[in-house]
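# A closer look at the structure
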Amino acid sequence: MKPSEVNPMKYKLLLLDIDGTLRPGSCERVPRENAEAVCAVQKAGVKIAIATGRGRIGVGKGLLRSIRPDYWVCAGGAQLVDYKGADLALHRLTTEEMYALVDFFENYDLPLRFTFHDANYAYIGYEEFARREREKNLALNIVDGEDQDHHLTEMPFGAFGFLPQAMAEKFQEQYGYLGLNFLFSYPGSDGCDILQKGIDKGTGLLELAKLAGLDPADCVAVGDGDNDVAMLKAAGLGIAMGNGSAAAKAAADRTGPDAEPHGIAELCRELWPEAF
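A brief structural summary. The structure presented is a predicted model; accordingly, all values stated were derived computationally and were not measured.

The subject of this paragraph is the overall build of the protein. Within the protein, the regular secondary structure consists of 8 helices and 14 strands. Considered along the principal axes of its C-alpha atoms, the protein spans approximately 55 × 35 × 35 Å. Within the protein, the proportion of its 276 residues that are buried is 57%. Counting only contacts in the protein whose residues sit at least 6 apart along the sequence, the fraction spanning at least 24 positions is 58%.

Dropping the structure here:
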């Protein structure tokens, strides 16, 4: 047990993954119980950050209900945003990295989207992205970018694709020198964040803590997937949801309740009883 774990009120920042953590998979929005509990913890003086693979624009209106985060760690750590929506830090893909992804995914007809400030643009496979968003009860935050020209306005700072693990390995055989990391959400999943070398939710936590004048030891991080591993390791207290992946649980300091039906509310009441 870490020394600070015996005194949860010591923690000054709570970072929460969305899908499978704050929002159970069966829910279209964050459950009301979770939202109210997070707001109570925030009112008690703990800063709240949303840590997601989505870009800030990809978090649909109403998804978080009453939660108004103090910070955002978005695009898997590539975009840090304050409560006003202003970028605190931004790590854009290079032209070489982006073109390599487009060429590879096009050659194998695999769905690929990029995150920009105004929207997520599906450069390849828009219909597949739309179908999967509907299946997972997600509001459609994907724009058909088949023209593949939005990067002429600004370079993207996030990428996401659907492909088998073997194809990710094939990409590395061709383009491994770029150092891009294909971070799958769960073992067996074909959906993955595609991140620049040295960028993930863990480095996002460290960068945010520094900008906020906090020590990483002052942070609690909660997640459920393989893409949360780095964040769970970087936090002073890392908690994997009971429904989380084996890698998430191995990286965490402890395992929390399942996301269903409102595990985050349970966790908040356990860690910060003084807030209720």
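Now that the structure is up, let's keep going.
All right, on to the environment of E207 then. Here E207 lies in helix α5 (residues 201-211). A relative accessible area of 27% places E207 in the partly exposed class. Sequence spacing of E207 and A89 is 118 residues, and the spatial spacing of their C-alpha atoms is 8.4 Å. Beyond its immediate chain neighbours, meaning those up to four positions away, E207 contacts L80, A89 and H91.

With that settled, consider the nonpolar core. One broad trend across soluble globular proteins is that nonpolar side chains are buried collectively. Among the nonpolar cores identified, the biggest contains 33 residues, and L14, L22, L64, V220, V222, I264 and W272 are the most heavily contacted of them. Among the elements of the structure, β1 (13-16), α1 (32-43), β2 (47-51), β3 (71-74), β12 (219-223), β13 (237-240) and α8 (263-271) are those that each provide at least two residues to this core. Residue contributions to this core peak at 5 residues, all from α8. Beyond its immediate sequence surroundings of up to four residues, L64 is in contact with I18, L22, V30, A35, I50, V59, P69 and W72. Ranked by size, the runner-up nonpolar core spans 28 residues in total, among them L93, A159, L163 and L180.

Relative to the helices and strands, T115 is located in strand β6 (residues 112-115). A distance of 3.0 Å separates the side chain of T115 from the side chain of N120, its partner in a polar contact. Leave out the neighbours within four places in its chain, and T115 touches G55, N120, P156, F157 and G158.

Working note: α-helix, 3.6 residues per turn, so residues spaced by three or four point in the same direction. Inspection of helix α4 (residues 165-175) places M167, A168, F171 and Y175 among the buried residues, and these make up the whole buried set. Burial along α4 is one-sided: seen end-on, the buried residues are contained in an arc of 105°. Facing away from the buried side of α4 by more than 90 degrees, the exposed set consists of A166 and E173. Its buried side turned inward, α4 meets α2 (95-107) and β10 (181-184).

Where α8 is concerned, the buried positions are G263, I264, A265, L267, C268 and L271. Residues of α8 that are buried make contact with β1, α1, β12, β13 and β14 (254-255).

This part takes up the pairing of β10. Strand direction decides the pairing type here: β10 and strand β11 (residues 191-195), joined by 4 bridges, are antiparallel. Pairing of L183 across the sheet is with D193, part of β11. Connecting the antiparallel pair β10 and β11 is a turn made up of 6 residues, with G188 showing a positive phi of about 90°.

Thresholds applied
- Residues numbered from 1 in each chain as written.
- Predicted model: local features only at pLDDT ≥ 70, side-chain atom pairs only at ≥ 80, totals over all residues.
- Heavy atoms only, no water.
- Helix = DSSP H or I, 4+ residues; strand = E, 2+ residues; numbered from the N terminus.
- Buried < 20%, exposed > 50% of the residue type's maximum accessible area, 1.4 Å probe, protein only.
- Contact = heavy atoms within 4.5 Å.
- Core = buried A, V, L, I, M, F, W, Y, C linked by side-chain atoms within 4.5 Å.
- Polar contact = N/O pair within 3.5 Å; in protein donor to acceptor, adjacent residues only side chain to side chain.
- Arc of directions from axis to C-beta.
- Pairing = 2+ DSSP bridges.

Keep in mind these numbers describe shape, not what the thing actually does.
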